[in-house]
2 protein chains.
Amino acid sequence: MTELLKEERMTETELITKAQKAKEAAFHLAKATTAEKNEALEAISAHLLEEQVFILDENAKDVAAGRQAGMNESLVDRLTLDAARLKDMADALIQLTQLNDPIGETLEKWEQPNGLSMTKIRVPIGVVGMIYEARPNVTVDASSLCLKTGNAIVLRGSSTAINSNKAIVQTIRRALEKTKLPVEAVQLLEDTRRETASQMFKLNDYLDVLIPRGGAKLIQTVVQNATVPVLETGAGNCHLYIDGTADVEMAIDIAINAKTQRPSVCNSCESILVHKEWAAEHLAELVTALEEHDVKIHGDATVQQLSSTISPATDEDWAKEYLGFEVAIKVVETVDEAVTHINRYGTKHSEAIISGDAPSVEQFFNEVDAAAVYHNASTRFTDGYEFGFGAEIGISTQKLHARGPMGLPALTSTKYIVRGNGQTK
Amino acid sequence: MTELLKEERMTETELITKAQKAKEAAFHLAKATTAEKNEALEAISAHLLEEQVFILDENAKDVAAGRQAGMNESLVDRLTLDAARLKDMADALIQLTQLNDPIGETLEKWEQPNGLSMTKIRVPIGVVGMIYEARPNVTVDASSLCLKTGNAIVLRGSSTAINSNKAIVQTIRRALEKTKLPVEAVQLLEDTRRETASQMFKLNDYLDVLIPRGGAKLIQTVVQNATVPVLETGAGNCHLYIDGTADVEMAIDIAINAKTQRPSVCNSCESILVHKEWAAEHLAELVTALEEHDVKIHGDATVQQLSSTISPATDEDWAKEYLGFEVAIKVVETVDEAVTHINRYGTKHSEAIISGDAPSVEQFFNEVDAAAVYHNASTRFTDGYEFGFGAEIGISTQKLHARGPMGLPALTSTKYIVRGNGQTK
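Here's a quick rundown of the structure. Predicted, not measured: the structure shown is a model, and the values here were computed from it. The residue count restarts for each chain, going from 1 along the sequence in the order it is written. Chain letters and ligand numbers both follow the written order, the letters beginning at A and the numbers at 1. At least 70 in pLDDT is required for a residue's local features to be given in this predicted model, at least 80 for side-chain atom pairs to be given and counted, and no such filter applies to totals for whole chains, interfaces and linings, which use all residues. Think of the side-chain values as coming from all heavy atoms in the structure, minus any hydrogens and water.

### Notes on the overall build of chain A
Here is step 1: Numbered from the N terminus, helices here are DSSP runs of H or I no shorter than four residues, and strands are runs of E no shorter than two. Within chain A, the regular secondary structure consists of 15 helices and 16 strands.
Here is step 2: For the radius of gyration, the atom set is restricted to C-alpha positions; the globular benchmark scales as 2.2 Å times the number of residues to the power 0.38. Relative to the 2.2 N^0.38 estimate, which gives 22 Å for 425 residues, the radius of gyration of chain A is 24 Å and therefore close to what a compact globule would have.
Here is step 3: The dimensions of chain A, computed from C-alpha atoms along their principal axes, are 70 × 65 × 45 Å.
Here is step 4: Summary of the burial criterion: residues with accessible area below 20% of their type's maximum are buried, those above 50% are exposed, and those between are partly exposed, where the area comes from a 1.4 Å probe applied to protein chains only. Buried positions account for 58% of the 425 residues belonging to chain A.
Here is step 5: Two residues qualify as a contact provided that any one of their heavy atoms is within 4.5 Å of a heavy atom in the partner residue. Pairs at least 24 apart in sequence give 71% of the contacts found in chain A among residues at least 6 apart.
Here is step 6: Within the structure as shown, chain A displays about 17,100 Å² of accessible surface, and the carbon and sulfur contribution to it stands at 49%.
Here is step 7: Of the charged side chains in chain A, 42 are positive and 61 negative; the average position of the first set lies 10 Å away from that of the second. Residue exposure ignores everything except the shown protein chains as possible cover, and the areas themselves are Shrake-Rupley values with a 1.4 Å probe. Only four residue types enter the tally: Lys and Arg on the positive side, Asp and Glu on the negative side; His and the chain ends are excluded. In plain terms, the charge of a residue is placed at NZ if it is Lys, CZ if Arg, CG if Asp and CD if Glu.

Right, here's the structure in full:
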């Protein structure tokens, strides 16, 4: 046997062994009570603080290796843990204990004419496969959300965070040993080669769902290669449409918020569409406000006339998630044109209209195809916490299972319980 | 350009052209009122009857070609239409008009502390891709369920039913021309080569979901190759577990019903597990009853002792969907053993316990991983009509989006409508 083949086989063994253990653990975890699950979350919270030195030391190795390999500073920042960030993670675990446990919840209950009693209840999904980038906080976040919902998890993080992830998962498992939950419910793949991820994509016998967390490229790789069902949390090319009747101050406030509050996230605004009537009076003011906030503007011909600093917007600009201090602006004739533009270039994430005209708002709500549509509010609200869910798995841009911000129920499935007394018809 | 290449290009053009038209139609269809959709269903119902001669003539061509090609009689039966079957299809369309329209339904409504008003409503999924076998009734069934839920549909049926499908889709489209719904909402791919289906699997830009309808092989091909999300309607290796305390007459009645009422369908019973105490007293009676119904029995060692006609059950038998007058029987020591066996060999479809002991029932309900679990009732009830849904898209054996019998809501997605008055925080 060649070395390569041996390694290949070893890899498969690690993946399959751990996936099997997770599946076995999921069976027991599904029966855990809410109190047992919350006790486990509290134990993990305590251990993260107690084992802080160990975790930070291991994290420092990853950070040093990353720097040496020339990792850019924003990635280094995401990779880096410190006492404050660990404290935030520990606190989030305590907050999670306070949320309702969706498992066992009765969703529907009815009786059939033949006397069958039907109940639809929430149950865990089973085993979640999580594929993510070099953000060790996701290791805690994903594990704790899965435990709260009675799911086992197989984690496949980035090689550049492997020491951090190993330390965190060891800590989680040491905490679980003190609880009634199965230790094997949380599995970390230590082999971080691409081939292992590819094997995970098709591990339908053990994994019930795959959740990719990271950039558009990672997510698309998973979507395009996985046969295990995927919870897709996608890109956000979000628009703000300023209607002819929009309140000027409100429109500018929301534009500045949606574009500049945190431009690197998926719910920030990437393009602004302005009705020609509003544009005639107020577009210059909007441009000035954006430029004062250091936003680089790409515009159509009308917009370009306002300032020599505005570069032409290409077809590529309309489709682009800048994720930075850049925006594309277009003047439109009608709400129809705005809707058509959004449905053509948008990613079905979050879309907003600023308007004082009820029919325009209704048309926008009805015709724009997106997970969340807003009237007179910023797209930045598309977020599990802002929606009041208390936790967020991610923001779904797919149409099946869950759409928009996903709270704990997105990590559940359902089961029909049917009680009879001998019915065969 | 070679002939093959030309044909390849033509195919792609047919698929993409029709998918584009469907997507365009979906935009308009999403805005159709319930009355407009019901009028369209009524028009289709009327046209199916009016154009009966045309449809039956075209169907006869398929049947003749199928017979000539040596198609087996049960497939010929599924392919064949007659006046009575067309009448049933026309009647089903009228019944569908009487069901609630899920589109626009408010699922949740709340206000956030910052004054944002949040509403979660049901919306159509968009464009449904349907891949199915030689059953022309699916053409009507799938199209009408999609129209009722505001979805456009791209149909890809079997080459052996192409004349029937073309006639039915032409009839549907002629009916739609008289209504306010877009004619392009129903598209039939006339190219039925495998390559075209393979292209459909990955047509994420146009198709929002794929629904395979047919045998296990078809469904697995779609699941294992599609990047478009799939609504999986899977195989059913369903079990009946007869507990120690089961009422004898009830257990035998249900066993006979679940096994013999319609053995070719997914919710029929394939294996019977019998608690040793019940087996000691009543297994012989169960075996006799099954044999009187011409059921061939495969049994474990204990079961084989009862009759020389019983063949040994292999590991393959436990995993098998016989879909005929055959059953595998095993004697178990405990509920635990029954649950373990079911979770190992079952397909997570429908599982039943016959028992007079509440703790055994609770354990079975909690620990068996299936879309539907039954106490003292037949697995045959797993069906959209038996559940009172009034319609059925199929029975989902996956855990995301929908699980178990799927009614109209399974063909919907959701959208968050957020109303503000200038909120940025």
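Still more to cover.
### A short note on the relation of the copies chain B and chain A
Here is step 1: Aligned on chain A, chain B shows an RMSD of 0.0 Å; the corresponding rotation is 180 degrees and the shift along the axis is 0.0 Å. Accordingly, the operation relating the two chain copies is best matched by a two-fold axis. For chain B, the smallest separation between a C-alpha atom and the rotation axis is recorded for B:H401, amounting to 1.7 Å. A least-squares superposition brings the copies together, and it is based on the C-alpha atoms of residues with pLDDT no lower than 70 in both.

### Considerations on the sheet that holds strand β11 (residues 326–332) of chain B
Here is step 1: Spatially, β1(A)-β2(A)-β16(A)-β13(B)-β12(B)-β7(B)-β8(B)-β11(B)-β9(B)-β10(B) is the arrangement adopted by the ten strands of the open sheet, whose pairing is mixed. The open sheet has two edge strands with one neighbour each: β1 (106–111) of chain A together with β10 (311–312) of chain B.
Here is step 2: By the bridge criterion, two bridges tie strand β9 (residues 296–299) of chain B to β10(B) in an arrangement that is parallel. From the neighbouring strand, B:G299 faces β10(B), where its bridge partner is B:P312.
Here is step 3: Axis angles are defined between N-to-C directions and span 0 to 180 degrees, where every axis is a line fitted to C-alpha atoms and, for a helix, only to the segment in contact. Taken strand by strand, helix α15 (residues 358–367) of chain B contacts β16 (412–423) of chain A together with β7 (238–242), β12 (350–354) and β13 (372–377) of chain B, and its axis lies near 145 degrees from that of β16(A). In this scheme, strands are said to pair when DSSP sees at least two bridges between them.

### Focus on the pairing of strand β6 (residues 209–213) of chain A
Residues and elements named next belong to chain A.
Here is step 1: Within β6, four of the five residues are buried, which leaves it mostly tucked inside the rest of the structure.
Here is step 2: Two strands pair when backbone bridges link them, and strand β3 (residues 127–132) and β6 are joined in this way by five bridges, in the parallel orientation. For Y132, the partnering residue across the bridge sits in β6 and is R213.

### Observations concerning the environment of A:T347
All names here are of chain A.
Here is step 1: Tracing the backbone through its elements, the reader meets T347 in the loop between α14 (335–345) and β12 (350–354).
Here is step 2: You can call T347 partly exposed: its relative accessible area is 28%.
Here is step 3: Considered as a pair, T347 and F365 are 18 residues apart in the sequence and their alpha carbons are 16 Å apart.
Here is step 4: If we ignore the near neighbours within four places in the chain, the residues touching T347 are A235, G236, N237 and T397.

### Brief notes about the pattern of salt bridges
Here is step 1: A pairing counts as a salt bridge when a side-chain nitrogen of Lys or Arg comes within 4 Å of a carboxyl oxygen of Asp or Glu. Tallied over the full model, the rule gives 46 salt bridges over all chains.
Here is step 2: In this structure, A:D101 and A:K37 form a salt bridge, with 2.9 Å as the shortest nitrogen-oxygen distance. Highlighted residues: A:D101 in the loop between α5 (83–97) and β1 and A:K37 in helix α2 (residues 34–50), separated in sequence by 64 residues.
Here is step 3: Overall, the relative accessible area of 15% leaves A:D101 in the buried class.
Here is step 4: Close ionic contact of A:K276 with A:E333 constitutes a salt bridge, the shortest N to O distance being 3.0 Å. Here A:E333 lies in the loop between β11 (326–332) and α14 and A:K276 lies in helix α11 (residues 276–292), a separation of 57 residues in the sequence.
Here is step 5: Each of A:D208, B:K348, B:D369, B:K399 and B:R403 takes part in a single network of salt bridges with overlapping partners.

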